Amino acid sequence: GLSLDTVNFDSCANLREVRNLNLVASGSSSPFKNCVNLETLQGNLSLRDSISSAFYRCAKLSNIHNTLNLDLTNVTSMNETFYGCSSFTWDEVKFILSKVSNKLTSLGWRTFASCGNIVGEVPQDLFAECTNVNSIYELFSGNTGIEGELPSGLFSGMTKLNNCREAFRGTS
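Rules used throughout
- Along each chain, numbering runs from 1 in the same order as the chain's sequence is written.
- At least 70 in pLDDT is required for a residue's local features to be given in this predicted model, at least 80 for side-chain atom pairs to be given and counted, and no such filter applies to totals for whole chains, interfaces and linings, which use all residues.
- Values shown for side chains rest on all heavy atoms present in the structure; no hydrogens or waters enter the calculation.
- Put simply, buried Ala, Val, Leu, Ile, Met, Phe, Trp, Tyr and Cys residues joined by side-chain atoms within 4.5 Å make one nonpolar core.
- Only protein chains enter the calculation, and the probe is 1.4 Å; a residue is then buried if its accessible area is under 20% of its type maximum, exposed if over 50%, and partly exposed in between.
- Runs of H or I in DSSP of at least four residues are treated as helices and runs of E of at least two as strands, each being numbered from the N terminus.
- Only heavy atoms matter for contacts: two residues are in contact if any of them lie within 4.5 Å across the pair.
- Between N or O atoms, a polar contact is any pair within 3.5 Å; within protein, one atom must be a potential hydrogen donor and the other a potential acceptor, and residues adjacent in sequence are included only when both atoms are from side chains.
- A side-chain nitrogen of Lys or Arg and a carboxyl oxygen of Asp or Glu constitute a salt bridge if their distance falls within 4 Å.

1. Section: the nonpolar core
Counting residues in each nonpolar core, the largest one holds 50 residues, and the members touching the most others are Phe-32, Phe-55, Met-78, Ile-96, Leu-107, Phe-127 and Phe-140. Of all the secondary structure elements, the ones that give two or more residues to this core are β2 (17–26), β3 (40–50), β4 (68–77) and α2 (90–98). Looking at this core element by element, the count peaks at five residues for α2. Setting aside residues no more than four positions away along its own chain, Phe-127 makes contact with Leu-97, Leu-107, Leu-139, Phe-140, Leu-154, Phe-155 and Met-158.

Here's what the structure looks like:
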(Lines give C-alpha, C1' and ligand atoms only; values in the text may rest on other atoms or scores of the structure.)
Protein backbone atom coordinates (compact mmCIF):
# COMPACT_ATOMS: atom_id res chain seq x y z
CA GLY A 1 0.00 0.00 0.00
CA LEU A 2 0.89 3.64 -0.18
CA SER A 3 2.55 5.20 2.81
CA LEU A 4 1.35 8.50 4.20
CA ASP A 5 4.54 10.08 2.91
CA THR A 6 2.94 9.64 -0.51
CA VAL A 7 -0.70 10.56 0.18
CA ASN A 8 -2.32 12.99 2.63
CA PHE A 9 -5.86 14.31 2.31
CA ASP A 10 -5.65 16.77 5.24
CA SER A 11 -8.28 19.52 4.85
CA CYS A 12 -9.62 18.35 1.49
CA ALA A 13 -13.04 19.90 1.99
CA ASN A 14 -14.34 18.65 -1.37
CA LEU A 15 -13.31 15.01 -0.85
CA ARG A 16 -16.51 12.93 -0.59
CA GLU A 17 -15.35 9.35 -1.05
CA VAL A 18 -12.23 7.25 -1.38
CA ARG A 19 -12.58 3.82 -2.97
CA ASN A 20 -9.97 1.09 -3.31
CA LEU A 21 -7.94 2.67 -0.53
CA ASN A 22 -4.69 0.90 0.36
CA LEU A 23 -2.97 3.17 2.85
CA VAL A 24 -0.58 2.83 5.80
CA ALA A 25 -0.38 5.85 8.13
CA SER A 26 1.84 6.14 11.18
CA GLY A 27 3.35 8.56 13.62
CA SER A 28 1.75 11.94 13.95
CA SER A 29 0.07 11.79 10.55
CA SER A 30 -3.50 12.98 10.18
CA PRO A 31 -4.50 11.49 6.83
CA PHE A 32 -8.11 12.69 6.73
CA LYS A 33 -8.11 15.56 9.24
CA ASN A 34 -10.74 18.22 8.43
CA CYS A 35 -12.11 16.36 5.41
CA VAL A 36 -15.51 17.65 6.52
CA ASN A 37 -17.46 16.27 3.54
CA LEU A 38 -15.88 12.80 3.46
CA GLU A 39 -18.72 10.27 3.57
CA THR A 40 -17.23 6.97 2.41
CA LEU A 41 -13.95 5.14 2.83
CA GLN A 42 -13.66 1.78 1.14
CA GLY A 43 -10.61 -0.45 1.11
CA ASN A 44 -7.67 -1.10 3.42
CA LEU A 45 -6.32 1.28 6.03
CA SER A 46 -3.59 0.47 8.51
CA LEU A 47 -2.85 2.99 11.24
CA ARG A 48 0.24 2.63 13.43
CA ASP A 49 1.89 4.18 16.47
CA SER A 50 0.28 7.32 17.89
CA ILE A 51 -2.55 8.40 15.60
CA SER A 52 -3.75 11.81 16.69
CA SER A 53 -6.45 13.57 14.66
CA ALA A 54 -6.50 10.98 11.85
CA PHE A 55 -10.21 11.61 11.18
CA TYR A 56 -10.63 14.85 13.10
CA ARG A 57 -13.90 16.58 12.10
CA CYS A 58 -14.87 14.10 9.38
CA ALA A 59 -18.47 14.93 10.23
CA LYS A 60 -20.13 13.01 7.40
CA LEU A 61 -18.04 9.82 7.58
CA SER A 62 -20.16 6.79 8.46
CA ASN A 63 -20.69 3.10 7.84
CA ILE A 64 -16.96 2.30 8.01
CA HIS A 65 -17.79 -0.94 9.80
CA ASN A 66 -19.19 -2.17 6.45
CA THR A 67 -16.75 -0.61 3.97
CA LEU A 68 -13.28 -0.42 5.55
CA ASN A 69 -10.75 -3.13 6.34
CA LEU A 70 -9.18 -1.33 9.30
CA ASP A 71 -5.97 -2.49 10.99
CA LEU A 72 -5.25 -0.87 14.36
CA THR A 73 -3.15 -3.68 15.84
CA ASN A 74 -0.02 -1.49 15.93
CA VAL A 75 -1.65 1.63 17.36
CA THR A 76 -0.25 2.75 20.71
CA SER A 77 -2.37 5.84 21.40
CA MET A 78 -5.27 7.84 20.02
CA ASN A 79 -5.92 11.53 20.73
CA GLU A 80 -8.80 13.32 18.99
CA THR A 81 -8.56 10.58 16.38
CA PHE A 82 -12.30 10.55 15.64
CA TYR A 83 -13.20 13.89 17.26
CA GLY A 84 -16.23 15.47 15.59
CA CYS A 85 -17.17 12.43 13.49
CA SER A 86 -20.78 13.38 14.11
CA SER A 87 -22.26 10.69 11.84
CA PHE A 88 -20.66 7.89 13.88
CA THR A 89 -22.93 5.51 15.79
CA TRP A 90 -22.07 2.84 18.36
CA ASP A 91 -21.51 0.52 15.35
CA GLU A 92 -18.44 2.52 14.25
CA VAL A 93 -17.13 2.87 17.81
CA LYS A 94 -17.47 -0.87 18.52
CA PHE A 95 -15.87 -1.68 15.16
CA ILE A 96 -12.89 0.60 15.84
CA LEU A 97 -12.33 -0.63 19.39
CA SER A 98 -12.55 -4.26 18.24
CA LYS A 99 -9.57 -3.66 15.93
CA VAL A 100 -7.06 -2.56 18.60
CA SER A 101 -4.53 -4.80 20.34
CA ASN A 102 -2.79 -4.82 23.69
CA LYS A 103 -0.30 -2.31 22.23
CA LEU A 104 -2.90 0.42 22.75
CA THR A 105 -2.16 2.17 26.04
CA SER A 106 -4.11 5.41 25.67
CA LEU A 107 -7.50 6.22 24.22
CA GLY A 108 -6.35 9.60 25.30
CA TRP A 109 -7.83 12.95 24.94
CA ARG A 110 -11.25 13.29 23.25
CA THR A 111 -10.87 10.31 20.91
CA PHE A 112 -14.64 10.08 20.26
CA ALA A 113 -15.67 13.49 21.61
CA SER A 114 -18.38 15.52 19.83
CA CYS A 115 -19.65 12.53 17.85
CA GLY A 116 -23.27 13.57 18.19
CA ASN A 117 -24.89 10.52 16.60
CA ILE A 118 -23.60 8.13 19.27
CA VAL A 119 -26.83 7.62 21.17
CA GLY A 120 -28.26 5.20 23.67
CA GLU A 121 -26.62 3.08 26.33
CA VAL A 122 -22.94 2.20 26.40
CA PRO A 123 -22.39 -1.39 25.17
CA GLN A 124 -21.30 -3.79 27.93
CA ASP A 125 -18.27 -5.16 26.05
CA LEU A 126 -17.12 -1.86 24.54
CA PHE A 127 -13.61 -2.03 26.02
CA ALA A 128 -13.05 -5.81 25.68
CA GLU A 129 -9.90 -5.37 23.55
CA CYS A 130 -8.54 -2.41 25.53
CA THR A 131 -6.75 -4.43 28.20
CA ASN A 132 -3.60 -2.25 28.44
CA VAL A 133 -5.29 1.15 28.16
CA ASN A 134 -4.37 3.46 31.04
CA SER A 135 -6.27 6.61 29.99
CA ILE A 136 -9.67 7.46 28.53
CA TYR A 137 -9.57 11.16 29.40
CA GLU A 138 -12.62 12.95 27.89
CA LEU A 139 -13.15 9.94 25.61
CA PHE A 140 -16.85 10.60 24.86
CA SER A 141 -17.02 14.19 26.07
CA GLY A 142 -19.94 16.18 24.66
CA ASN A 143 -21.91 13.25 23.28
CA THR A 144 -25.28 14.24 24.70
CA GLY A 145 -27.08 11.23 23.21
CA ILE A 146 -25.28 8.72 25.43
CA GLU A 147 -27.68 7.84 28.20
CA GLY A 148 -28.27 5.50 31.07
CA GLU A 149 -25.91 4.15 33.66
CA LEU A 150 -22.56 2.70 32.71
CA PRO A 151 -22.75 -1.11 32.63
CA SER A 152 -21.26 -2.82 35.65
CA GLY A 153 -17.97 -4.39 34.69
CA LEU A 154 -17.46 -2.01 31.76
CA PHE A 155 -13.87 -1.35 32.85
CA SER A 156 -13.14 -4.74 34.45
CA GLY A 157 -10.62 -5.88 31.84
CA MET A 158 -8.83 -2.53 31.90
CA THR A 159 -6.53 -3.33 34.82
CA LYS A 160 -4.10 -0.50 33.98
CA LEU A 161 -6.73 2.24 33.72
CA ASN A 162 -5.73 5.17 35.95
CA ASN A 163 -7.29 8.17 34.18
CA CYS A 164 -10.94 8.21 33.24
CA ARG A 165 -11.40 11.86 34.10
CA GLU A 166 -14.45 13.32 32.41
CA ALA A 167 -14.63 10.34 30.02
CA PHE A 168 -18.38 10.76 29.71
CA ARG A 169 -18.64 14.51 30.48
CA GLY A 170 -21.72 16.10 28.94
CA THR A 171 -23.58 12.82 28.38
CA SER A 172 -26.97 12.01 29.85
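2. Some points on the environment of Gln-124
As for its placement among the helices and strands, Gln-124 is situated in the segment after α2. We classify Gln-124 as partly exposed; its relative accessible area is 45%. Residues Gln-124 and Ser-152 lie 28 residues apart in sequence; the distance between their C-alpha atoms is 7.8 Å. A polar side-chain atom of Gln-124 sits 2.9 Å from the main-chain carbonyl oxygen of Ser-152.

3. Structural notes on the pattern of salt bridges
Across all of its chains, the model carries four salt bridges by this definition. The residue Arg-169 makes a salt bridge to Glu-138 at a minimum N-O spacing of 3.2 Å. In this pair, Arg-169 is assigned in the segment after α2 and Glu-138 in the segment after α2, connecting sequence segments 31 residues apart. For Glu-138, a relative accessible area of 7% translates into the label buried. The closest approach of N and O atoms between Arg-169 and Glu-166, which form a salt bridge, is 3.2 Å. The exposure class assigned to Arg-169 is partly exposed, which follows from its relative accessible area of 42%. According to the relative accessible area criterion, Glu-166 is partly exposed, its value standing at 33%. Each of the salt bridges in this network shares a partner with another, and the network as a whole consists of Glu-138, Glu-166 and Arg-169.

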